[in-house]
Amino acid sequence: MVMTMTYKNILTSKEEAGSPSSLNCYIGIATLNRPAVLNALNHELMTELVAALAEFDADESVRAIVITGSERAFAAGADIKEMCDETTVSMMLKDRLATWDKIKEIKKPIIAAVSGFALGGGCELSMMCDIIIASETAQFGQPEINIGVIPGAGGTQRLTHVLGKYKAMELVLTGRPFTAKEAHELGLVNKVVPVELYLEEAKNLAKEIAAKSPIAVRLAKESVLKAFDGTLAEGLNFERKNFYMLFSSEDQKEGMKAFLEKRKAVFTGR
Amino acid sequence: MSSDNEKILLTEKKNGVGIITLNRPDKLNAFNDELTFQLQDALKEMEKDKEVRAIVVTGAGRGFCSGQDLQSRSIAQEMGQRPSLGDSIRRRYNPIVIKLRRMEKPIIAAVNGVAAGAGASVAFACDFRIVTEKTNFIQSFTKVGLIPDSGATFILPRLVGATKAFELMLSADKLSAQEAFNLGVVNKVVAEEDLMKEAIALAEKLAAGPSKAFGLTKRAVNKAIFHDLEELLEYEASLQEIAGRSDDFAEGVKAFIEKRTPQYTGK
């Protein structure tokens, strides 16, 4: 394991992806680490997380990223203590949630490995990731309504995109937590596994993706996300251009040649 | 500290075994509100306690547990309150059943006498049942116009099959220790004086075993046959809420208190 920069509220590490073995190929892991407050997401933590993600994004050897918390809590919410005495104006001027928006700019795929509480900001953070792997003990929810506010980091929008209006409305208006099983049935979670294995499962998935052509993975992520943004015609057009564009990469030549030669492709990201 | 005969629930811990004793012997250990909450707490404690690797649940005196304390419920009704049975089950009984099933430690019911209503349901939710020749199980709910609850409609058919489960639930007849053994509901029938010795010996053996593997085995069996436990408990509570609003239930409780045969109308 190779350690990267160190932070106060998160742990970061790189793990060899193992395949293809000839290449310098890693996954990056960011672990939220404020155990005393069940990983409540304060501004400092989010600033560090965004910096760590940007660092992984800029590091060419990192092919995919995993964000995780602890077995007890992915993140139990935003740090309420920090916000309690704010006013509308102070919230707008500080605009701390703008920090969260930077996660959207990460080009590499991000997998959330969720166990325990993923509530409020924790649920929103997991939904900002591209794939969600949950332990059987994971619990999602947007309980903001219970403290007199609403989700502010994308909860009302991303939940509605995934679950549709009626289910999202129920969950946002009642603040009711929902289990990993329910989240899976609703299409929010990719896979539910026993708690002992959730992180390993997420890492394995990240490693599987790490073996693909990084340039194709990048354009694939960008194209899928385009579906949430604009019309279908625009999205289709965007996809088609990205598809054509990949024919200028070495990885396209290698991938197709390897397929025809019935061997495993070795992608270089060029 | 209150003495043991004032406490309605006793717990002890020895050789890796946690023992929980329902202790209202003069009421055949019937569940009032307080006893159900204390049982929830005791199970939670033992789940957290790493030294406890197997659990025995038993009753003091001649009964295991006669189920819901109908007297405490009828007092509330006489005072003009109409308690929501659905809510009562959700708050009091379902958390017990969920904990018994989901806790990844083997749990033995040492059924020392009658196990009726929710008392039988609690015994059924455990992993092992050791009983005496005098033990019997009664799904007594329908006697007072209710449906079997605390998981009975879900768990009993899985223990004995639907045919026998229907018979037991709709007849509310006693299921004797021997018949329960023949149906595969109980692991062992022992002499009355040997019950705790046998239960604790089994618990100590389990406690000395590979607890992680035992826990994972329980998780796998839960997934195989009790996968929808929480959902079915919730459904059962809703149906009990309906039964609890019926004329037949009001008549059933009244007749029970007045010690006469109820006159049911089906409404």
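Caption draft 1: Quick look at the confidence of the model for chain B. Per-residue confidence for chain B averages 94 on the pLDDT scale, and 94% of its residues sit at or above 70. Interface scoring of the predicted complex returns ipTM 0.77; its pTM is 0.87.

Caption draft 2: Representation of the sheet that holds strand S8 (residues 136–138) of chain B within the structure. Residue and element names in this part refer to chain B. Read from one edge of the open sheet, 4 strands run S4-S6-S8-S9, paired in mixed fashion. Each having just a single partner strand, strand S4 (63–65) and strand S9 (174–176) make up the two edges of the open sheet. Adjacent strand axes in the sheet meet at a mean angle of 20 degrees, parallel and antiparallel pairs treated alike. Here strand S6 (residues 114–116) runs beside S8; their pairing, made up of 3 bridges, is parallel. Across the sheet, residue Ala 115 finds its bridge partner in S8, namely Phe 137. Packed on one face of the sheet, helix H4 (residues 118–125) meets S4, S6 and S8 and runs near 100 degrees to S6.

Caption draft 3: Structural context of the packing of helix H1 (residues 33–48) of chain B against helix H3 (residues 85–102) of chain B. All names here are of chain B. Axis separation between H1 and H3 bottoms out at 9 Å; the angle between their running directions is 25 degrees. Between H1 and H3, the crossing angle belongs to the class labelled roughly parallel. Remark: the crossing between H1 and H3 carries left-handed chirality. Contacts between H1 and H3 pair Asp 33, Thr 36, Phe 37, Leu 39, Gln 40, Leu 43, Lys 44 and Glu 47 from the former with Arg 91, Arg 92, Tyr 93, Pro 95, Ile 96, Lys 99 and Leu 100 from the latter.

Caption draft 4: Up close: the interface of chain A and chain B. Contact residues are listed per partner, giving 5 residues for chain A and 7 residues for chain B. Both faces considered, chain A and chain B share a buried interface measuring about 360 Å² in area, 31% of it formed by carbon and sulfur atoms. If you sort the residues of chain A by the area they bury against chain B, Glu136(A), Lys181(A) and Glu196(A) come out on top, with a joint share of 91%. Taken together, the links from chain A to chain B amount to 4 salt bridges.

Caption draft 5: Highlighting the sheet that holds strand S8 (residues 139–141) of chain A. Residues and elements named next belong to chain A. Spatially, S4-S6-S8-S9 is the arrangement adopted by the 4 strands of the open sheet, whose pairing is mixed. The open sheet is flanked by strand S4 (73–75) and strand S9 (178–179), the only strands paired with a single partner. The pairing of S4 with strand S6 (residues 117–119) spans 2 bridges and is classified as parallel. Within S6, the residue paired with Ala 73 across the bridge is Phe 117. Packing against the sheet, helix H5 (residues 121–128) makes contact with S4, S6 and S8, and its axis sits at approximately 90 degrees to S6.

Caption draft 6: A look at the environment of Glu15(A). All names here are of chain A. Its place among the elements puts Glu 15 in strand S1 (residues 10–16). Along the primary structure Glu 15 and Gly 28 are separated by 13 residues, whereas in three dimensions their C-alpha atoms are 6.5 Å apart. In this structure the side chain of Glu 15 is engaged in a polar contact, spanning 3.0 Å, whose partner is the side chain of Lys 203.

Caption draft 7: Up close: the packing of aromatic side chains. For the structure on display, the rule yields 6 aromatic pairs over all chains. Measuring from centroid to centroid gives 5.5 Å for Phe31(B) and Tyr93(B), while their planes differ by 75 degrees, and the two rings are edge-to-face. On the criterion of sequence distance, the pair formed by Phe31(B) in the loop between strand S2 (17–22) and H1 and Tyr93(B) in helix H3 is long-range, its members being 62 residues apart. Residue Phe31(B) is classed as buried on the basis of its relative accessible area, which comes to 0%. We classify Tyr93(B) as buried; its relative accessible area is 2%. One aromatic cluster is present, built from ring pairs that chain together Phe243(A), Tyr244(A) and Phe247(A). Against the face of Tyr26(A) rests Lys14(A), its NZ or CZ located 4.8 Å from the ring centre.

Caption draft 8: Structural view of empty space enclosed by the protein. Residues and elements named next belong to chain B. Following the criterion strictly, the structure yields 1 cavity of 30 Å³ or more and no others. Space inside the largest cavity adds up to approximately 40 Å³. For the largest cavity, the full set of lining residues is Phe 124, Phe 137, Ile 138, Gln 139, Leu 156, Leu 168, Asp 173 and Leu 175. Across the lining of the largest cavity, the residue classes tally to 6 nonpolar, 1 polar and 1 charged.

Caption draft 9: Focus on the nonpolar core. If you look at the biggest cluster of nonpolar residues, it comprises 50 residues, and the most contacted ones within it are Phe31(B) and Phe137(B). A total of 6 residues in this core trace back to one element, the largest contributor, which is H4(B). In this structure Phe137(B) touches Val111(B), Ala115(B), Ala120(B), Ala123(B), Phe124(B), Arg129(B), Val131(B), Asp173(B), Lys174(B), Leu175(B), Ala180(B) and Val186(B), once residues within four positions along its chain are discounted. Counting 45 residues, the second largest nonpolar core, distinct from the first, contains Val62(A), Cys123(A), Phe140(A) and Ala183(A).

Caption draft 10: Fine view of the pairing of strand S3 (residues 62–68) of chain A. Residues and elements named next belong to chain A. With respect to burial, S3 is a largely interior element, 7 of its 7 residues being buried. Pairing of strand S2 (residues 26–32) with S3, which is carried by 6 bridges, proceeds in the parallel orientation. For Gly 28, the partnering residue across the bridge sits in S3 and is Ile 65. Where S3 lies against strand S5 (residues 110–114), 4 bridges are found, and the strand directions are parallel. Considered in S5, the bridge of Val 66 is made with Ile 111.

The rules behind the values
Residues numbered from 1 in each chain as written. Chains lettered and ligands numbered in written order. Predicted model: local features only at pLDDT ≥ 70, side-chain atom pairs only at ≥ 80, totals over all residues. Heavy atoms only, no water. pLDDT = per-residue confidence, 0-100. Pairing = 2+ DSSP bridges. Helix = DSSP H or I, 4+ residues; strand = E, 2+ residues; numbered from the N terminus. Axes fitted to C-alpha atoms, helices over the stretch in contact; angles between N-to-C directions. Contact = heavy atoms within 4.5 Å. Parallel < 35°, antiparallel > 145°, perpendicular 65-115°, else oblique. Left-handed = near helix turned anticlockwise from the far one by under 90°. Buried area = accessible area lost by both parts, 1.4 Å probe. Salt bridge = Lys/Arg side-chain N within 4 Å of Asp/Glu carboxyl O. Polar contact = N/O pair within 3.5 Å; in protein donor to acceptor, adjacent residues only side chain to side chain. Phe/Tyr/Trp six-rings, centres within 6.5 Å; stacked < 30°, edge-to-face > 60°. Buried < 20%, exposed > 50% of the residue type's maximum accessible area, 1.4 Å probe, protein only. Lys NZ or Arg CZ within 6 Å of the ring centre and 35° of its normal. 1 Å grid on protein atoms, 1.4 Å probe; cavity = no way out; pocket = protein on both sides within 12 Å on 5 of 7 lines; lining within 4 Å. Points joined across faces, edges and corners; volume = space filled by probe spheres on them. Nonpolar A, V, L, I, M, F, W, Y, C, P; charged D, E, K, R; others polar. Core = buried A, V, L, I, M, F, W, Y, C linked by side-chain atoms within 4.5 Å.

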